[in-house]
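Understanding the architecture of this molecule
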Amino acid sequence: MIIARSASELRAATTGPISFVPTMGALHAGHASLIRVAAADGSCVVVSDFVNPSQFGEGEDFEIYPRDLDGDATIAEQAGAHILYAPDVSEIYPPDFSTTIDPGPLAQELCGAHRPGHFAGVATVVVRLFGLVGPRRAIFGRKDYQQLAILQHVTNDLALGIEIVGVPTVRDADGLALSSRNAYLSAAERSLAVTIPRALRHAAEAYAEGQRNGGVLAEIGHNALDGVALEYLELRSTDLGFYDPNLPAVLLVAGHVGTTRLIDNIVLDPTAPERAATQISTKEYA
Ligand code: AMP
């Protein structure tokens, strides 16, 4: 695997169609799962490793966000990456950079309501990275469900011609979704954090038993989340519109455990209650 520190090094190293995995580094098994999906079709796999300042708000964790290029290189290579692209901020945002992508109304809801400008920062960096990397397809985690939906939308709206692929969430044995931010959790906070996937599971069990009342499902989730400072717990349709009891749905949650912000979600789909842990096209979000 080649570590490219600039776009010219990146271009010199790529061959054939590219599958692209954008990340902010601090790689874990969740990222590795995305890289394995990227590598599965034999394409040239580029993983970007860039902590994007424009998606962090004031007072958020940009400065302390974990950075470990050597560790990332090991994980990326083992998972099948060919190139780890780790640019400087000055390459992604040169001094005359002035464009911001506004992904529209969905970017103001859910996480966007609590992190103003976050999804504009995400969309802008991802589209710039698409331009620098030139992928045929790009792989994202369904853990960041709203991000995936927004990026699918942006890719469609701007006719970028890149296939967006969503990959199921990788979890620890106790159910906690893997996240680079889990490193911030103390042992006591780690125990509290696991109530998040448990709450989602409780609601999903009720849904599987036939409960379709959105208020009741949300209450089941809320009741299991004592101690988590919730930002939101919302039931939506899978395209993130209003919940419709007759259609597959997604229950999304965000909250703070101590000072650490965590997000998670679970899809409630009567036709596919146990979605296979394989690549899932995000066409459903389009
Ligand atoms: P990040 O480095 O946190 O910005 O994430 C980079 C990519 O990895 C995004 O597409 C995330 O959705 C994805 N990702 C992060 N955590 C997980 C996880 N536990 N399972 C699957 N994908 C993940």
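Residues numbered from 1 in each chain as written. Predicted model: local features only at pLDDT ≥ 70, side-chain atom pairs only at ≥ 80, totals over all residues. Heavy atoms only, no water.

Side note on the pattern of salt bridges
Going by this rule: A side-chain nitrogen of Lys or Arg and a carboxyl oxygen of Asp or Glu constitute a salt bridge if their distance falls within 4 Å. A run of DSSP states H or I qualifies as a helix once it reaches four residues; a run of E qualifies as a strand once it reaches two. Both are numbered from the N-terminal end. Only protein chains enter the accessibility calculation, which uses a 1.4 Å probe; a residue whose area is less than 20% of its type maximum is buried, one above 50% is exposed, and one in between is partly exposed.
Per the stated rule, a full pass over the model turns up eleven salt bridges. Note that D61 and R181 form a salt bridge whose closest N and O atoms lie 2.8 Å from each other. With a gap of 120 residues between them, D61 in the loop between β3 (44-49) and α3 (69-79) and R181 in the loop between β6 (163-167) and α8 (187-193) connect regions that are remote in the sequence. The pair D61 / R181 is uniform in exposure class, with both members buried. As a salt-bridge pair, E231 and R261 come within 2.7 Å of each other at their nearest N and O atoms. Residue E231 is located in strand β7 (residues 229-237), and its partner R261 is located in strand β9 (residues 260-268); the two are separated by 30 residues in the primary sequence. The residues E231 and R261 share a single accessibility class, namely buried. Three or more residues joined by partner-sharing salt bridges are found here, namely D41, R136 and R137.

Some words on empty space enclosed by the protein
A water-sized probe rolled over the atoms picks out the places where empty space is left. Stated formally: Cavity: a set of points on a 1 Å grid over the protein atoms alone where a 1.4 Å probe fits but cannot get out. Pocket: an open set with protein on both sides within 12 Å along at least five of seven lines, its lining residues, like those of a cavity, having an atom within 4 Å of a point. Grid points are joined across faces, edges and corners, and a volume is the space filled by probe spheres set on the points. Gly falls in the polar group here, along with every residue not listed as nonpolar (Ala, Val, Leu, Ile, Met, Phe, Trp, Tyr, Cys, Pro) or charged (Asp, Glu, Lys, Arg). Just so you know, the domain bounds were taken from an automatic or database domain assignment.
Evaluation of the coordinates by the stated rule reveals one cavity of 30 Å³ or more. Around the largest cavity sit 48 residues that line it, and H31, Y65, K143, D144 and Q147 are the ones nearest its centre. For the lining of the largest cavity, the leading source of residues is helix α6 (residues 118-133), giving six residues. Looking at the lining of the largest cavity residue by residue, the class counts come to 26 nonpolar, 16 polar and six charged. In this structure, the lining of the largest cavity is formed jointly by two domains, domain 1 (2-167) and domain 2 (180-285), each of which donates at least three residues.

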